[in-house]
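Analysis of the macromolecular model
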Amino acid sequence: QATLAMGPEIAAAQEAIAALQPRIAEAQARLEKSIKARFAMEDAKSAVDNHVAESRIRIAALTEKVNAAQAEAGRIADSGCTAPAGASCKFLASARQAEKDLPGLQEQLANMKAADRATYERLQKTYQEAQTEYSSYGDPNRDIMNLNAEERRHQAVANKAASLAAAEAKLEEIAAEL
């Protein structure tokens with residue numbers, strides 16, 4: 001009789017299990033998207049980090065050239081030459097060339113910094129978008145675990161359906177004998 005009394009509870013558990021299936025499928029789909037988004041986010045972060053490292057190396061090398069040109073051009077003032085603009089001695093030839101090259105190197109450095117900054121901002125935006133997408137999926141692993149636990153609770157009751165069917169068959173058999 002206790003088994004027969006569980007009929008509505010067993011039916012409710014079976015319905016609950018059926019209702020959980022779309023939610024479990026949705027959570028699994030979110031998990032797959034979350035994994036892809038995490039990889040995209042990690043790739044974007046790596047691109048930012050690589051760009052920053054390469055940019056620092058390029059900028060440092062060009063800054064070194066600018067500093068060297070400034071130092072070399074400074075030799076003109078330190079030379080004691082009375083007419084440095086028209087100096088033709090071999091001693092100041094490289095200093096005059098450095099003085100001539102310096103504005104171009106400084107412009108090249110400024111352009112490099114601006115271009116690298118623009119690339120950094122573009123890569124950083126891509127990374128932030130990937131982060132936002134990844135975060136939008138929540139924690140599908142936790143959701144799947146919770147839904148599976150809920151399904152197991154309902155399954156424990158639904159598994160008694162065979163006992164219920166046997167009890168109902170026995171009841172029908174007894175009723176037929178009477």
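Above: the structure in question.
This section reports on the structure supplied with the text. Everything numeric here is computed off the predicted structure, so don't read it as measured data. (Residues numbered from 1 in each chain as written. Predicted model: local features only at pLDDT ≥ 70, side-chain atom pairs only at ≥ 80, totals over all residues. Heavy atoms only, no water.)

1. Looking at the overall build of the chain
- Check the secondary structure of the chain and you find five helices and zero strands.
- Sequence-ordered secondary structure for the chain, helices as α and strands as β, is α-α-α-α-α.
- Oriented by its inertia axes, the alpha-carbon framework of the chain measures out at about 135 × 15 × 15 Å.
- Relative to all contacts within the chain whose residues are 6 or more apart in sequence, the contacts with residues 24 or more apart total 82%.
- For the chain, the centre of its 22 positive side-chain charges and the centre of its 26 negative side-chain charges are spaced 10 Å apart. (Helix = DSSP H or I, 4+ residues; strand = E, 2+ residues; numbered from the N terminus. Contact = heavy atoms within 4.5 Å. Lys, Arg positive; Asp, Glu negative; His and termini not counted. Charge placed at Lys NZ, Arg CZ, Asp CG, Glu CD.)

2. Side note on helix 4 (residues 140-158)
- Compared with an ideal rise of 1.5 Å per residue, which puts 19 residues at 27 Å, helix 4 spans 26 Å between its outermost C-alpha atoms and is within 8% of the ideal.
- Along helix 4, the residues classified as buried are Pro 140, Asp 143, Ile 144, Leu 147, Glu 151, Val 157 and Ala 158. In an axial view of helix 4, the angular spread of the buried residues amounts to 135°, which keeps them on one side of the axis. The outward face of helix 4, more than 90 degrees from its buried face, is lined by the exposed residues Met 145, Arg 152 and Arg 153. (Expected span 1.5 Å × (residues − 1). Buried < 20%, exposed > 50% of the residue type's maximum accessible area, 1.4 Å probe, protein only. Arc of directions from axis to C-beta.)

3. A closer look at the packing of aromatic side chains
- The full count for this structure, using the stated rule, is zero aromatic pairs.
- It is Arg 38 that lies over the ring of Phe 39; its NZ or CZ is 5.0 Å from the centre.
- Above the face of the Tyr 127 ring, Lys 45 is positioned so that its terminal group lies 5.5 Å from the ring centre. (Phe/Tyr/Trp six-rings, centres within 6.5 Å; stacked < 30°, edge-to-face > 60°. Lys NZ or Arg CZ within 6 Å of the ring centre and 35° of its normal.)

4. Considerations on the side chain of Asp 116
- Positionally, Asp 116 belongs in helix 3 (residues 93-136).
- Within the structure, Asp 116 has its side chain in polar contact with the side chain of Ser 55 (distance 2.6 Å).
- Residues within four places of Asp 116 in sequence aside, it is in contact with His 51, Ser 55, Arg 58 and Ile 59. (Polar contact = N/O pair within 3.5 Å; in protein donor to acceptor, adjacent residues only side chain to side chain.)

5. A short note on the packing of helix 2 (residues 7-78) against helix 3
- At their nearest, the axes of helix 2 and helix 3 sit 8 Å apart, and the two run at 170° to each other. For the element pair helix 2 / helix 3, the angle class is roughly antiparallel. At the point where helix 2 passes helix 3, the crossing takes the left-handed sense.
- Taken together, the residues of the contact of helix 2 with helix 3 break down into 24 nonpolar, 12 polar and 11 charged. (Axes fitted to C-alpha atoms, helices over the stretch in contact; angles between N-to-C directions. Parallel < 35°, antiparallel > 145°, perpendicular 65-115°, else oblique. Left-handed = near helix turned anticlockwise from the far one by under 90°. Nonpolar A, V, L, I, M, F, W, Y, C, P; charged D, E, K, R; others polar.)

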